[in-house]
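One letter stands for each residue in the lines below.
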Amino acid sequence: MVDTSVISNGARGQKFLLLGNEAVVRGGLEAGFTVFTSYPGTPASEVLDVATEVSKVVGIHAEYSVNEKVAIDTAAGAAMNGLRAITAMKHVGLNVASDTFMALPYFAPKSALVIVVADDPSAYSSQNEQDTRNYGYFANLPMLQPSDPQEVKECVLKAAEISESLELPVLIRLDIRVSHVRGPVVLGDLREPPSRKEFVKEKGRYTAIPPYPVRAHEILLGKLEKCKDVSCSSEFVKLIDRGSENGVICAGSASTYVLDAELPGPMQPDVLKMLMVNPLPEEAIVRFLSAHKRVLVVEELDPIFETRIKRLAYDNELKTVILGKEAGIPSVGELMPVDVRSAMATLVGVPQAKKVGRPIPAGPARPPVFCAGCPHRASMYLIKTLAGKNRVVVSDIGCYGMGALSPTDVGDVLLDMGFSIGAAGGFAIGAKLKPLAVIGDSTFLHAGIPALINAVWNKHDLAVIILDNLITAMTGLQPNPSSGLDSQFHEAERVSIEDLVKACGVKSLRVLDPLQVKASKREIREMLDERGVSVMILRQPCALLTSQQLKVSGRKATPYAVVAENCNNCNACLLLASCPALIPALTEEGGKLAKVTIDPAACTGCGFCAEVCPYGAIIQGVA
Amino acid sequence: MLLTSEILGNAAMLSGLDVRVTENHGLSQRGGSLVSFVRLGREVHSPLIDLGEADYIISLELLEALRSSVYAGDGTTLVVSTLQVPPVTVFSGKAKYPPPAEIRSSISATCKKAFFLDAAGMASTAGRSLYQNAVLLGFFAGITKELIKPSEYGEALKMLVPERTLAPNLKAFDMGYGASPTETR
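What you are looking at is a predicted structure, and each value in this text was computed from that prediction instead of being measured.

The rules we used
Residues numbered from 1 in each chain as written. Chains lettered and ligands numbered in written order. Predicted model: local features only at pLDDT ≥ 70, side-chain atom pairs only at ≥ 80, totals over all residues. Helix = DSSP H or I, 4+ residues; strand = E, 2+ residues; numbered from the N terminus. Rg over C-alpha atoms; globule rule 2.2 N^0.38 Å. Buried ≥ 20, exposed ≤ 12 C-beta atoms within 10 Å, placed from the backbone. Contact = placed C-beta atoms within 7 Å. pLDDT = per-residue confidence, 0-100. Pairing = 2+ DSSP bridges. Axes fitted to C-alpha atoms, helices over the stretch in contact; angles between N-to-C directions. Right-handed = clockwise from strand over helix to strand, strands pointing away. Nonpolar A, V, L, I, M, F, W, Y, C, P; charged D, E, K, R; others polar. Domains from an automatic or database assignment. Expected span 1.5 Å × (residues − 1). Core = buried A, V, L, I, M, F, W, Y, C linked by C-beta atoms within 7 Å. Bend = angle between axes of the 7 residues up to and from the residue. Parallel < 35°, antiparallel > 145°, perpendicular 65-115°, else oblique. Left-handed = near helix turned anticlockwise from the far one by under 90°.

Draft legend 1. Structural context of the overall build of chain B. When its secondary structure is counted, chain B shows eight helices and six strands. The order of α-helices and β-strands along chain B, N terminus first, is α-β-β-β-α-β-α-α-β-α-α-α-α-β. In terms of overall size, chain B behaves like a compact globule, its C-alpha atoms giving a radius of gyration of 16 Å where 185 residues would be expected to give roughly 16 Å. A buried classification covers 49% of the 185 residues belonging to chain B. Long-range contacts, defined as pairs at least 24 residues apart, comprise 58% of the intrachain contacts of chain B with a sequence gap of at least 6.

Draft legend 2. Just the confidence of the model for chain B, in detail. The pLDDT averaged across chain B works out to 91; a share of 95% of its residues lies at or above 70. For this predicted complex, the interface confidence comes out at an ipTM of 0.95, alongside a pTM of 0.96.

Draft legend 3. How the structure looks around the sheet that holds strand β3 (residues 61-64) of chain A. Residues and elements named next belong to chain A. The seven strands lie next to each other as β3-β2-β4-β5-β7-β6-β12, forming an open sheet whose pairing is mixed. Single-partner strands in this sheet number two, and they are β3 and β12 (276-278). Here strand β6 (residues 143-144) runs beside β12; their pairing, made up of two bridges, is antiparallel. Paired with leucine 144 across the two strands is methionine 276, which belongs to β12. Each of β4 (85-90) and β5 (113-119) is contacted by helix α5 (residues 91-103), which is oriented at about 120 degrees to β4, the strand it contacts most. Across the sheet, helix α7 (residues 149-166) lies against β5, β6 and β7 (170-175), angled at about 165 degrees from β7, the strand it touches most.

Draft legend 4. Region of the structure containing the pairing of strand β18 (residues 508-512) of chain A. Residue and element names in this part refer to chain A. In this structure, β18 lies alongside strand β19 (residues 533-539), joined through five bridges in parallel fashion. Residue pairing in the sheet places leucine 509 in a bridge with valine 535 of β19. Crossover β18 to β19 through helix α18 (residues 517-529) is right-handed.

Draft legend 5. How the structure looks around the interface of chain B and chain A. With 45 residues of chain B at the contact, the number on the chain A side is 41 residues. At the level of secondary structure, the elements contributing two or more residues to the side of chain B that touches chain A comprise α1 (2-14), β1 (18-24), α2 (62-68), α3 (88-91) and α4 (100-110) of chain B. Broken down by element, the residue count for the side of chain B that touches chain A peaks at seven residues, all from β1(B). Residues belonging to the side of chain B that touches chain A are distributed by class as follows: 18 nonpolar, 19 polar and eight charged.

Draft legend 6. Broad picture of the domain arrangement of chain A. Taken domain by domain, chain A comprises domain 1 (5-229), domain 2 (237-348), domain 3 (375-550) and domain 4 (556-620). Taking only C-alpha atoms into account, the centre of domain 1 of chain A sits 49 Å from that of domain 4 of chain A.

Draft legend 7. Region of the structure containing helix α6 (residues 132-143) of chain B. Residues and elements named next belong to chain B. Taking 1.5 Å of rise per residue, 12 residues should cover 16 Å, and α6 covers 17 Å from first to last C-alpha, within 8% of that figure. Most of α6 is tucked away, with 10 of its 12 residues classed as buried. All buried positions along α6 are accounted for by Gln132, Asn133, Ala134, Val135, Leu136, Leu137, Gly138, Phe139, Phe140 and Ala141.

Draft legend 8. Broad picture of the environment of A:Ala577. Residue and element names in this part refer to chain A. Along the chain, alanine 577 falls in helix α20 (residues 572-577). With 34 residues separating them along the chain, alanine 577 and glutamate 611 place their C-alpha atoms 9.7 Å apart. When residues no more than four places from it in sequence are discounted, the contact partners of alanine 577 are Arg377, Leu582, Phe608, Cys609 and Val612.

Draft legend 9. Examining the sheet that holds strand β9 (residues 237-240) of chain A more closely. Residue and element names in this part refer to chain A. Taken in spatial order, the five strands of this open sheet run β9-β11-β10-β13-β14, and their pairing is mixed. What marks the edges here is a single partner per strand, and that holds for β9 and β14 (321-323). The mean angle between the axes of side-by-side strands here comes to 15 degrees, regardless of whether they run parallel or antiparallel. In terms of strand pairing, strand β13 (residues 294-298) meets β14 through three bridges, oriented parallel. In the strand pairing of β14, arginine 294 is matched with valine 321. Relative to strand β10 (residues 246-251), helix α10 (residues 252-260) is tilted by about 145 degrees, and along the sheet it contacts β10, β11 (270-274) and β13. Helix α13 (residues 337-348) contacts β10, β13 and β14 of the sheet and is inclined by roughly 165 degrees relative to β13.

Draft legend 10. Here's a closer look at the environment of A:Gly41. By secondary structure assignment, the location of A:Gly41 is in the loop between β2 (35-38) and α3 (46-54). Put simply, A:Gly41 and A:Leu318 are 277 residues apart on the chain and 43 Å apart in space, counted from C-alpha to C-alpha.

Draft legend 11. How the structure looks around the nonpolar core. Core analysis: the largest hydrophobic core is formed by 237 residues, its most contacted members being A:Val114, A:Val116 and B:Val135. If we ignore the near neighbours within four places in the chain, the residues touching A:Val114 are A:Ile86, A:Val156, A:Ala159, A:Ala160, A:Ser163, A:Val170 and A:Ile172.

Draft legend 12. Structural detail: helix α9 (residues 212-232) of chain A. All names here are of chain A. The end-to-end C-alpha separation of α9 is 31 Å, in line with the 30 Å expected for 21 residues at 1.5 Å each. Helix geometry: α9 is bent most strongly at lysine 226, by close to 25 degrees. Taken as a whole, α9 has its buried residues at Leu220, Cys227 and Ser231. Structurally, α9 contributes buried residues whose contacts are with α7 and β12.

Draft legend 13. Broad picture of the packing of helix α14 (residues 375-387) of chain A against α18(A). Residues and elements named next belong to chain A. Close contact between α14 and α18 brings their axes to 10 Å; oriented N to C, the two are set at 45 degrees. Taken together, α14 and α18 sit at an angle that is classed as oblique. For α14 against α18, the interelement crossing comes out right-handed. From α14, Ala378, Leu382 and Leu386 reach across to α18, where they touch Val517, Ser520, Lys521, Ile524, Arg525 and Leu528. Residue composition of the contact of α14 with α18, grouped by class: six nonpolar, one polar and two charged.

Draft legend 14. Examining the packing of helix α2 (residues 20-30) of chain A against α3(A) more closely. All names here are of chain A. Between α2 and α3, the shortest axis-to-axis distance is 8 Å and the interhelical angle comes to 45 degrees. Comparing their axes, α3 and α2 come out oblique. Crossing angle aside, the handedness with which α2 passes α3 is right-handed. Residues Asn21, Glu22, Val24 and Val25 of α2 form the contact with α3, whose participating residues are Glu46, Val47, Val50, Ala51 and Val54.

Following this line, the structure appears as structure tokens:
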């Protein structure tokens, strides 16, 4: 991450290598936005990570909200009340926020509201690769699709203007190759927020009850129609005219591959690059189609532009050949430059053999593992040992979701935020064995509470283990209500998960430390034998959080070490703990790996390996 | 790793080049394989590199160098730390870490040139093995000085690393810059 003072104080004309997500915040400051909300999710998390840092020195309000629905609601309320607001989330976060997202265009704020959504083609850190552009059309919202960090910043400024002139939220659709790309960004002037227009009560303007929605729908479509002129203007359409009879239409990160593609000189096609994609710049597209014999539409994921552009050609009786997905642009996974280059070669009729990569070299895989000292390691061990082969374990979204991978193999079902408890209720119907739901603190607070209430109310027979590590860890350590810290890491009211569980009507509640392996084992066994809804909170702070706190206080963890003469070389620690601080010897002794050592710099002193060592050969503080 | 590519990107920008940097992270940041891409030149739009198309590959671990050699082709130069970090599949007994000599010859067969450095060892003498990234960057800077002004790395390091680690990082960088590693082909 760059020093955030660059974002908060950098002067006009300075150039920095910024992440797309960082550029969102800088653009926000240059446009006078004062409210930033989000629930963290890759690849959108850095927007709020930077905004919260900036909020310590600049007068803006930045908060991690409890989920994306609350994040958009908070931003909408602020914008209704005269503050410019940005809310940011990952693509699947918009599903959570969609109830508001779909109604808000009918009853939109008058101050700028910008909704930044980052897609994850190839699902590097997500449950699916849904294409958020569909949501822009679904909700009838103006939608911008920048292609690099500089454009991201410009788009936030333009979105503020469009949002206030039309009185509509604006969707900025990013994807991982915009959000997570660093590129040079030239800074503009920071500006004071515009003078605040206080909320004025207007009958029917903000109340989504009959008879208002139908009239509001009509007004919404009228606003979008007005926006068509904007999308055709030269600030939103970039035309590269090389006098070719072939053309390419593109937007967003896909356009970067088009612009980088080198075909034999005279064969380079003309390019129409769009920045506003709802409404599409229809007039500009029709002109472009008319001027070319063959046009290729390059877009990642769904054939959305392609379908709409083909319809435009039909309506305008154009005979232009329009190529898209059938030219070899994949609908699955993120685009690679080679996909685009070879489709462009097909367009211009240069036969180009698609390069076949070398075979993936043989060698052991390196799947992700829990960090040294991670309490989930102990929790996963406990669940794996006690759940038994036949019990269904429904896991959830978070670091512990990695437990579903080998060698841990904990979690038979895992779908989306909060799925675990509701789905376990379904599994419980007619089940022989009580199903077990496993959910983290942040996910429980985000989407688990209604499902827990439902389980109690509908008398489901299930067990829930809440892994409370006091932070939202997977996305990079963001505070949540269980942290006792606010978004700026200042002290705040700790929302007690045990009080919440009890308030949901749960009678059987246990709170344990997963590193107390023996006690936890006994209690989990008991819980699984009970009838009804049983909840166990396994609480131990995230190891990264602990090491951060140690660093701040200048203290050090006391590491464990292997006492070589007691070690029987059974490798139980390696197999059961799989901890990065455990260093296996690479040489073999008698068919087995040589004795394990512990890296004292990496060991956090959690002691889990000592718990699972059958020979008592791992001892704290002997190194 | 992310920091290494960010430092490289900044040094390139300070040298007057256009640059784009990106990474595949997410789950991988929890001890899995991680790849960063950097593209630089007079005008660059995307940071992504196709399989077989990298000009340079800098690898912080020996086995990962082999894995990343899918991005290597006949024109590729590799700068590889000989550090070995066995993945979980190895220490859980599911797979074997290939013999280092075998890895080195497999890597060398895929590319134009491969340099192998005991970067972690060198970094230890500069303070901590953690600074091996700076050693590798230093060596890379030495073989690409026509591309990026070596002095710009110092500026980028100043911008991006915490003040207390600046001196050892610069020292590690200088050690790498002057290093004469094992070279193959």
